[in-house]
Amino acid sequence: MAGIWVSMEVGSDGVAVITISNPPVNALHPKIIAGLKEKYTEAMNRDDVKAVVLTGHMGKFSGGFDINVFAEVHKTGDLSRLPDVSVELVVNTVEDAKKPSVAAIQGLALGGGLELAMGCHARISTPEAQLGLPELTLGIIPGFGGTQRLPRLVGLPKAIEMMLLSKTIRAKEGKECGLIDAIVSPEELMKMSRLWALEIAERRKPWISSLRRTDRLSSLLEAREILTAARQQAKRIAPNMPQHQVCLDAMEEGIVFGGYAGVLKEAKVFKELVLSSTAKGLVHVFFSQRATSKVPNVTDIGIRPRNIKKVAVIGGGLMGSGIATALILSDISVILKEIDSSFLQKGLKVVSVNLEGLVKKGSLTKDKMNKALSLLKGVLDYSEFKHVDMVIEAVIENISLKQSIFAEIEKICPLTCVLATNTSTIDLNIVGEKTQSQDRIIGAHFFSPAHVMPLLEIVRTEKTSPQVIYDLMTVGKIIKKVPVVVGNCTGFAVNRTFFPYSQAANLLVHLGIDPFRIDRVISNFGMPMGPFQLQDLAGYGVYFAVGKIYASAFKGRTFKSDLIELLAENGRHGKSNGKGFYIHEKGSKPKPDPSIQSIVEESRRRTNIMPGGKPIILSDQEIQEMIFFPVVNEACRVMDERIVVRASDLDIASVLGMGFPRYRGGIVFWADTVGADYINSRLKKWAEVYGGFFKPASYLEERAKKGLPLSMLSLSPSEASRSRM
Ligand SMILES: C[C@H](O)CC(=O)SCCNC(=O)CCNC(=O)[C@H](O)C(C)(C)COP(=O)(O)OP(=O)(O)OC[C@H]1O[C@@H](n2cnc3c(N)ncnc32)[C@H](O)[C@@H]1OP(=O)(O)O
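In the nomenclature of an unreviewed UniProt entry, the protein is known as Peroxisomal fatty acid beta-oxidation multifunctional protein of Elaeis guineensis var. tenera. Taken directly from UniProt, the Pathway (unreviewed entry) text for the protein runs: "Lipid metabolism; fatty acid beta-oxidation." Entered under Subunit (unreviewed entry) in the UniProt record, the comment concerning the protein runs "Monomer."

The structure is reproduced here in structure tokens:
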């Protein structure tokens, strides 16, 4: 029986089993909340019911409150869509009921799901269950009493760790820390939960109300020390976001004034946070990430992804070895091909080092590392390519080299083999020009380091077959990436959208702004680092290679200066040799190097673009706008050319590929919070003063004129039919 429902079945033992169903994760939709209240009322009124077991349908307890409701509230601003669950359901109906409840947990109990379970008088779980309060990742705090009950069950330090880091734990850890009362097999779950519930009703097991417990709470003094340390940690890990501090405030209220006062405070601040810009951005990112799985004419035409078991990776450099690492970590066999044995040994070594790094961090066991390494084989020719399901070419960005590789492997690989290239900029039609297999050629743009970065930009041409796209999307998911399918153009969606980012920063330096100030402003905006520190990290070789490609593809809107060439001429190559804009020393943070000033001056003299020869003066906000608005402008061109299926694909790609702050919702979402009209007017003004680099795209101008959001890709049905996807 599918659909949204709450059922109740009363057994001859006097236990009422209340089951919630809302596939796929039994999210707590307002209808479920209403259903729970109704069934509980019935259970309390029936004389044949002695106790309740609360559980979820289809092997899952609950993935929490229905996040779609937050999205609706964000659209309408109407908080009345949020039912009163915390006091009315969890405290009054479940916890303070005259009959005890036991939560029978399978699969997952997350957010509101776990909070509901904590309102029960005991929790029995199967071993594989995932337990957690991940609400902070959505810009809110637990709102069904979680900030009060979790510390009372597991102690303050563990509760802070689970909430602030949104850490999910398994049942074993849950049992050790006091969250779970017993772990049983899935077959035993209902039987054991019924017995436990009856034993509570008969007072043979303790009838515990989590909210009234104090035995796991520290003394007030100790609690304050723990909370102070947590507040400092939150400032470090979550600058610019309010929910971490608010969560700690709610916990503190409960410790000082008691659990019920804490619940009331939590409910009040929860509602305030739901409407915060942070929650709006993070909820948008949650749904954007999931939307990437749906690609029109690929995932909706009845084809199934094929089973990719063996992949050949060509090139054992940084990218190739990172890709190989990601594949073998997910049980996919890899043939790593290099041109000579010294390169091959280097590549294989990098894979080992990558895996050892994970073992050191504790995220991989030695056994799993050895198992992964057993799936890796190095080769120097193509003879083994006869048996692979997919090839991922990851050699340097050299067009003729890539063309000859594809022409050669086309003859050796099976006819069904997916032929992917890890280029970050080169047009795929050119890569496949010398083959007869253009339907099998696809871009697999990984971000460095490939075994760590979560984004996989999948680039299709007009000729790439849906089957090949679906196969690569599936491999991407297996290796735990978020695959975003985009169209073919110079720089594809992500690098193309962000090419003006470093160019705008460069332009500002030549207009007289200090590069280190620019980096500070951009870091404060929420990027992991500023554009100059990023340039040091990426290495100047990439800058030279792609700079030329962009200059010829995007004539009239690129900015060229000699700054990076001058740095290189002065023996500065960025992080790779420890000297760039910054001094890079092992084990310490990069330090701004003031001695680059003379090089900056020389470059400024050569470009000579300062109005009247004098540095311009800008506020921090203007710096931020002059760097990000050109990025938004290019995003508009990418949307206009339908390089992406939907605007939110650019949002998720900007967050996962470029480190754009997640809590700002991604580049297009953020731009819409600023407003198309404002962005357009600023760009227009700068274009008049500083030239074509800032010239607004027609897509932006049009939406600005009509007062429409940039995320609206098509303004009419005829435009919608332009989609290349
Ligand atoms: C008041 C309370 O304190 C507030 C809350 O409870 S807020 C909610 C707290 N819960 C969460 O944050 C959990 C969010 N969900 C997840 O982390 C993951 O979806 C999961 C671990 C449950 C499952 O992951 P996975 O198996 O990879 O499936 P995933 O693709 O993410 O989700 C499957 C579908 O369920 C939906 N879904 C998952 N959790 C949901 C939720 N809480 N509400 C609504 N929909 C949800 C997804 O949107 C997706 O829908 P789609 O198929 O239409 O795209």
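Let us keep going from here.
### Some remarks on unusual backbone geometry
Put simply, Pro23 and Pro24 share a cis peptide bond, and its omega is 5°. Residue Ser448 is joined to Pro449 through a cis peptide bond whose omega torsion reads -5°. With respect to the helices, strands and loops of the structure, Pro449 is situated in the loop between strand S15 (441–446) and strand S16 (455–459). Although it is not a glycine, Asn26 adopts a positive phi angle of roughly 55°. For Asn26, the position within the fold is in the loop between strand S2 (15–21) and helix H1 (30–45). With a phi angle near 65°, Asn297 is a residue other than glycine that sits in the positive phi range.

### Overview of the domain arrangement of the protein
Partitioning the protein into structural domains gives domain 1 (5–275), domain 2 (310–488) and domain 3 (494–719). A straight line from the C-alpha centre of domain 2 to that of domain 3 covers 30 Å. If you look at the interface, domain 2 gives twelve residues, while domain 3 gives 14 residues. Of all the secondary structure elements, the ones that give two or more residues to the side of domain 2 that touches domain 3 are S16 and strand S17 (482–486). The element best represented in the side of domain 2 that touches domain 3 is S17, accounting for four residues.

### Details of the pairing of strand S14 (residues 418–421)
The side-chain alternation of S14 yields two buried faces, one formed by Val418 and Ala420 and the other by Leu419 and Thr421. Both strand S13 (residues 390–393) and S14 contribute to a ladder of four bridges, which runs parallel. Across the sheet, the residue bridging to Ile392 is Ala420, located in S14. Crossover connection from S13 via helix H16 (residues 399–412) to parallel S14: handedness right-handed. Pairing of S14 with S15 involves three bridges; the strand directions are parallel. Residue Thr421 lies in a different strand from S15, and its bridge partner there is Gly443.

Parameters at a glance
- Residues numbered from 1 in each chain as written.
- Predicted model: local features only at pLDDT ≥ 70, side-chain atom pairs only at ≥ 80, totals over all residues.
- UniProt positions renumbered as here; feature names shortened; annotations may be inferred.
- Helix = DSSP H or I, 4+ residues; strand = E, 2+ residues; numbered from the N terminus.
- Domains from an automatic or database assignment.
- Contact = placed C-beta atoms within 7 Å.
- Buried ≥ 20, exposed ≤ 12 C-beta atoms within 10 Å, placed from the backbone.
- Pairing = 2+ DSSP bridges.
- Right-handed = clockwise from strand over helix to strand, strands pointing away.

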